[in-house]
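Observations on the three-dimensional arrangement
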Amino acid sequence: MKTTKTILCPSSRAQTGARLLGIRQEDGSIAILPEPLKIDESFIDLSNQVASAERQFRFTNKCVESGCKQWTGQRCGVADNLIHASQSMKLEHTLQECGIRLQCRWYKQNGEAACKICPLVITEVSEEEWELQQLEIIQQPFMH
């Protein structure tokens with residue numbers, strides 16, 4: 001009998017059942033943990049006292065496919081949009097260690113390209129951060 005592992009979303013909300021995937025660094029990137037950590041309601045509550053937990057951390061949980069507004073009918077729209085947007089960016093060539101890679105929805109769809117952009121993804125940003133990111137994208141030189 002064939003067993004199928006659960007496909008995981010690498011950009012889930014901080015909620016019951018989610019696991020801590022990464023921690024936001026001072027430069028805004030995400031340090032992906034070698035193995036996701038189990039979280040509980042007290043972790044979520046404490047995190048939300050500082051700022052939205054999704055602004056400070058990245059979480060993983062089961063990919064709910066059509067239960068998610070990002071699902072296109074066959075694929076995760078977030079992953080595809082990130083890959084498209086990153087085509088003009090200079091990304092790291094080495095991949096961070098990742099405890100969910102083989103189960104990750106983004107990796108299953110886009111392979112290592114998804115892993116290269118993953119540490120730059122923050123699930124939720126403030127309006128000010130969004131405006132700064134847009135400015136940086138506009139000012140970033142395009143790769144030829």
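Report on the accompanying structure. (Residues numbered from 1 in each chain as written. Predicted model: local features only at pLDDT ≥ 70, side-chain atom pairs only at ≥ 80, totals over all residues. Heavy atoms only, no water.)

**Observations regarding the overall build of the protein**
Assigned secondary structure in the protein consists of 6 helices and 4 strands. Overall, the protein shows an N-to-C arrangement of helices and strands of β-β-β-α-α-β-α-α-α-α. Relative to its 144 residues, the protein shows a buried fraction of 35%. Considering only residue pairs separated by 6 or more positions, the protein has 74% of its internal contacts joining residues 24 or more positions apart. (Helix = DSSP H or I, 4+ residues; strand = E, 2+ residues; numbered from the N terminus. Buried < 20%, exposed > 50% of the residue type's maximum accessible area, 1.4 Å probe, protein only. Contact = heavy atoms within 4.5 Å.)

**Regarding the nonpolar core**
In terms of nonpolar packing, the biggest core is built from 15 residues, with Ile32, Ile100 and Trp106 touching the most fellow members. Only strand 3 (30-38), helix 3 (77-86) and helix 5 (112-117) provide two or more residues apiece to this core. (Core = buried A, V, L, I, M, F, W, Y, C linked by side-chain atoms within 4.5 Å.)

**Overview of the pattern of salt bridges**
A side chain with one charge may pair with a side chain of the opposite charge, provided their charged atoms come close. In this structure the tally under the stated criterion is 3 salt bridges. Of the charged contacts in the structure, one is a salt bridge between Arg75 and Asp80, with a shortest N-O distance of 2.8 Å. In this structure Arg75 comes out as partly exposed when scored by relative accessible area, which is 31%. In this structure Asp80 comes out as partly exposed when scored by relative accessible area, which is 25%. (Salt bridge = Lys/Arg side-chain N within 4 Å of Asp/Glu carboxyl O.)

**Thoughts on the packing of aromatic side chains**
Geometrically, a pair of aromatic rings is defined through the distance of the ring centres and the angle of the planes. In the structure shown here, the tally under the stated rule is 3 aromatic pairs. Here Phe43 and Phe57 contribute two aromatic rings whose centre-to-centre distance is 5.2 Å and whose plane-to-plane angle is 50 degrees, an arrangement assigned as tilted. Within this pair, whereas Phe43 is found in helix 1 (residues 41-50), its partner Phe57 is found in strand 4 (residues 57-62), the two being separated by 14 residues in sequence. Residue Phe43 is classed as partly exposed on the basis of its relative accessible area of 25%. Judged by its relative accessible area of 13%, Phe57 is buried. An aromatic cluster is built from Phe43, Phe57 and Phe59, whose rings are joined through pairwise contacts. (Phe/Tyr/Trp six-rings, centres within 6.5 Å; stacked < 30°, edge-to-face > 60°.)

**A few points about unusual backbone geometry**
Despite not being glycine, Glu65 has its phi angle at roughly 45 degrees, a positive value. Mapped onto the secondary structure, Glu65 falls in the loop between strand 4 and helix 3. Glu65 gets classed as partly exposed once you look at its relative accessible area, which sits at 35%.

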